[in-house]
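# Results of the structural survey
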Amino acid sequence: MFKKILIANRGEIAIRVMRACKELGVSTVAVYSEADSNALFAKYADEAYCIGPPPSSRSYLNIDSIIDVARKTGAEAIHPGYGFLSENAKFASACEKAGIIFIGPSSEVIEKMGSKITARSAMIEAGVPVVPGDGRAIEDDATAIEIGESIGYPLMVKASAGGGGIGMKVVYTPEELTRALSSIRNVAASTFGDSTVFIEKYLEEPRHIEIQILADSQGNCLYLGDRECSIQRRHQKLIEEAPSPIMTPELRRDMGEAAVKAAKKIGYVNAGTVEFLYSKGDYYFLEVNTRLQVEHGVTELVTGIDIVKQQLRVACGEKLPFTQDDIEIRGSAIECRINAEDPLNDFAPSPGKIRRYRSAGGPGVRVDSGVHMGYVIPPFYDSMISKLCVWGSDREEAIARMKRALYEYVVVGVKTNIPFHRTVLSIDAFAKGDLTTHFIDDHDVLSA
Ligand SMILES: Nc1ncc2cc(-c3cccc4ccccc34)c(N3CC[C@@H](N)C3)nc2n1
Ligand SMILES: [Ca+2]
């Protein structure tokens, strides 16, 4: 096991990784920007170094300064968390070159999965169902029109280097198709530096279901169940749960085995997520996320497995300590992302000083928070301040528990989306598990 690792992230996920390290006797190095000099994660670490001014580009995205701190402190490995450099192949290879272990898959796999076109063709070879469509990069409008006709409208135009919903557009006619091709190309070129686009069939009312995978460097790969992530707003997930309310043992095994086939095909090592769209009994590969996800905690709650500890073990070259048969999904877990934003003002970020803070607690409640009373939430980073997770023996108990926890959770001084979550949890369709990716729009959830 490592003696010391550096966490190249901030907030709740930095603390989450440090907690796993503390339990394993691994000492931790935090890197923080000038805006985070008072942040909890910097205090929690055994060592903490300022790596630059507040803007992410000058600090949390600054590859050289992060690797420099790792070298100086003798950190043997770096955990990238999520966001920032977590899916940046250049960062992973910079670590490899510096002889520092990147806790995640290889830079080649990150690179490969960063292209939706490459990922899709790897899935087809692995025999994993993909969204109906055409995996070729679109070179000109005439070909696009032809392909569009053969797939059948409505279509989804997507940037191959896209992610998080950026660089995708639904089109219903050939005119819309040609217009979308040029607009997506431009967005993709400026946002991702890669204007490659492709076309798929648009699935109208899908669910967003993802499979957590874990693979070691000895060729063992298994899945840790499923998560339903359909409750999103503008591609930001808000409420996630495990298992999906529509999951059956057969479907879970089917999707899980497909995800493992995908992981083995691309030579995946460490923790990762295979995202699917589910529609009318069928599921289709969307993309592979080559990082630990925000919502990993709900999987930990229903499997009893500490995924971050397993990441550290795998990165050390250890074999997975369990097989697929050892994995059991028990009960139901729900996560609400607590964001410092104002639901009454289009969810605009609401940075500022937390004047009163009382966390939720009690049976079956887990709070992964990066904040505390008196903390000043900086305006430079994303607005998520904590994750409120609950476990129940079944989904009904989990919902009741989440409602109780949302009632207990008090944050005064900044606006939060807690009222929004209280509203969603009380919607009948939510209790019934009638979720699609259009849930928030369909129920025009105005905050309380
Ligand atoms: N062919 C096809 N049809 C429907 C889709 C639906 C989604 C989707 C998934 C989850 C939430 C959404 C919210 C609004 C619009 C789309 C979604 C989707 N993605 C891709 C990126 C991921 N974050 C969301 N891709 C889709 N692709
Ligand atoms: Ca992704």
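Up top you'll find the structure we're talking about.
Just so you know, these numbers come straight off a predicted model, no measurement behind them. (Residues numbered from 1 in each chain as written. Chains lettered and ligands numbered in written order. Predicted model: local features only at pLDDT ≥ 70, side-chain atom pairs only at ≥ 80, totals over all residues. Heavy atoms only, no water.)

### Describing the packing of helix 12 (residues 395-408) against helix 13 (residues 418-425)
- Between helix 12 and helix 13, the shortest axis-to-axis distance is 10 Å and the interhelical angle comes to 155 degrees. The angle between the axes of helix 12 and helix 13 places the two elements in the roughly antiparallel class. Crossing handedness for the pair helix 12 and helix 13: left-handed. Along the contact surface, helix 12 presents Ile399, Met402, Lys403, Leu406 and Tyr407, while helix 13 presents Ile418, His421, Arg422 and Leu425. (Axes fitted to C-alpha atoms, helices over the stretch in contact; angles between N-to-C directions. Helix = DSSP H or I, 4+ residues; strand = E, 2+ residues; numbered from the N terminus. Parallel < 35°, antiparallel > 145°, perpendicular 65-115°, else oblique. Left-handed = near helix turned anticlockwise from the far one by under 90°. Contact = heavy atoms within 4.5 Å.)

### So, helix 12
- The end-to-end C-alpha separation of helix 12 is 20 Å, in line with the 20 Å expected for 14 residues at 1.5 Å each.
- Buried residues belonging to helix 12 abut strand 12 (236-242), strand 15 (332-339), strand 20 (365-369), strand 22 (384-392), helix 13 and helix 14 (428-432).
- N-capping of helix 12 is provided by aspartate 394, with a side-chain oxygen placed 3.2 Å from the backbone N of glutamate 396. (Expected span 1.5 Å × (residues − 1). Polar contact = N/O pair within 3.5 Å; in protein donor to acceptor, adjacent residues only side chain to side chain.)

### Regarding empty space enclosed by the protein
- Here the structure, examined in full by the defined rule, presents two cavities of 30 Å³ or more.
- When residues of the lining of the largest cavity are traced back to their parent elements, those giving at least two are helix 6 (116-126), strand 9 (197-201) and strand 14 (282-289).
- Taken together, the residues of the lining of the largest cavity break down into five nonpolar, no polar and four charged.
- The volume enclosed by the second largest cavity comes to roughly 40 Å³.
- In this structure, the second largest cavity is lined by His79, Pro80, Gly81, Ser86, Phe102, Ile103, Gly104, Pro105, Thr290, Arg291, Leu292 and Gln311. (1 Å grid on protein atoms, 1.4 Å probe; cavity = no way out; pocket = protein on both sides within 12 Å on 5 of 7 lines; lining within 4 Å. Points joined across faces, edges and corners; volume = space filled by probe spheres on them. Nonpolar A, V, L, I, M, F, W, Y, C, P; charged D, E, K, R; others polar.)

### Description of the packing of aromatic side chains
- Going through the model one piece at a time under the given rule, you end up with eight aromatic pairs.
- Their ring planes at 85 degrees and their centres at 6.0 Å tell us that phenylalanine 91 and phenylalanine 102 sit as a pair that is edge-to-face. With phenylalanine 91 in helix 4 (residues 89-97) and phenylalanine 102 in strand 5 (residues 101-102), this pair connects stretches of sequence that are eleven residues apart. Here the two residues phenylalanine 91 and phenylalanine 102 agree in accessibility, since each one is buried.
- Geometry around tyrosine 44 places lysine 22 over its ring, the cationic atom sitting 5.8 Å from the centre.
- The side chain of arginine 395 reaches across the aromatic face of phenylalanine 430, ending 4.9 Å from its centre. (Phe/Tyr/Trp six-rings, centres within 6.5 Å; stacked < 30°, edge-to-face > 60°. Buried < 20%, exposed > 50% of the residue type's maximum accessible area, 1.4 Å probe, protein only. Lys NZ or Arg CZ within 6 Å of the ring centre and 35° of its normal.)

### Details of the sheet that holds strand 8 (residues 166-171)
- The four strands lie next to each other as 6-9-7-8, forming an open sheet whose pairing is antiparallel. If you trace the sheet from one side to the other, it starts and ends with strand 6 (133-134) and strand 8, each paired once.
- Looking at chain direction, strand 7 (residues 155-163) and strand 9 are connected through five bridges and run antiparallel. Each residue of the ladder has a partner; that of alanine 159, found in strand 9, is valine 197.
- Taken strand by strand, helix 8 (residues 174-192) contacts strand 7, strand 8 and strand 9, and its axis lies near 175 degrees from that of strand 8. (Pairing = 2+ DSSP bridges.)

### Overview of the sheet that holds strand 10 (residues 207-215)
- Pairing in this open sheet of eight strands is antiparallel, and the strands run 14-13-10-11-12-15-22-20 from one edge to the other. Where the open sheet ends on each side, the last strands, each with one partner, are strand 14 and strand 20. Along the sheet, successive strands turn relative to each other by an average axial angle of 25 degrees, direction set aside.
- Sheet topology places strand 13 (residues 270-279) next to strand 14; seven bridges connect them, and they run antiparallel. Bridge pairing in strand 14 places threonine 273 opposite asparagine 289.
- The strands touched by helix 11 (residues 307-315) are strand 10, strand 11 (221-233) and strand 13; relative to strand 13, the strand with the most contacts, the crossing angle is about 125 degrees.

### Considerations on the nonpolar core
- Counting 76 residues, the largest nonpolar core has Ile5, Phe41, Ile239, Leu388, Tyr409, Phe430 and Phe439 as its most contacted members.
- If you tally residues by element for this core, the top one is helix 1 (residues 11-24), at seven residues. (Core = buried A, V, L, I, M, F, W, Y, C linked by side-chain atoms within 4.5 Å.)

### Details of the site of ligand 1
- In the region of ligand 1, 15 residues are neighbours, and Lys158, Glu200, Lys201, Leu203 and Thr437 sit closest.
- Contact between ligand 1 and lysine 158: a nitrogen atom at 3.0 Å from a side-chain N or O atom of the residue.
- Measuring from a nitrogen atom of ligand 1, one finds a backbone N or O atom of lysine 201 at 2.7 Å.
- When ligand 1 sits alone it has 530 Å² of accessible area, and the protein chains cover 90% of it.
- Every element with two or more residues in the shell around ligand 1 is listed here: strand 7, strand 9 and strand 14.
- Looking at the shell around ligand 1 residue by residue, the classes come out as seven nonpolar, four polar and four charged. (Near = heavy atom within 4 Å. Areas by Shrake-Rupley, 256 points an atom, 1.4 Å probe, with all protein chains shown as cover.)

### Remarks on a negative patch on the surface
- On the surface, a cluster of negative charge is made up of Glu204, Glu205, Asp441, Asp442 and Asp444.
- As for its placement among the helices and strands, glutamate 204 is situated in the loop between strand 9 and strand 10.
- Overall, glutamate 204 belongs to the partly exposed group, its relative accessible area being 39%. (Patch = residues over 30% accessible without salt bridge, like charges linked within 9 Å, V, L, I, M, F, W, Y side chains within 5 Å. Salt bridge = Lys/Arg side-chain N within 4 Å of Asp/Glu carboxyl O. Lys, Arg positive; Asp, Glu negative; His and termini not counted. Charge placed at Lys NZ, Arg CZ, Asp CG, Glu CD.)

### Looking at the side chain of lysine 387
- With respect to the helices and strands, lysine 387 occurs in strand 22.
- Only 2.8 Å separates the side chain of lysine 387 from the side chain of glutamate 12, close enough to count as a polar contact.
- Non-local contacts of lysine 387, meaning those with residues more than four positions away in its chain, are made with Glu12, Val294, His296, Glu335, Cys336, Arg366, Val367 and Asp368.

### Digging into the pairing of strand 22
- The element strand 22 is largely enclosed, with a buried count of nine among its nine residues.
- Bridge count between strand 15 and strand 22: eight bridges; the pairing is antiparallel. Bridge pairing in strand 22 links glutamate 335 to cysteine 389.
- Here strand 20 pairs with strand 22 via five bridges, running antiparallel. Looking at the pairing, aspartate 368 lines up with lysine 387 of strand 22.

Such coordinate-based values are descriptive only and should not be taken to indicate function.
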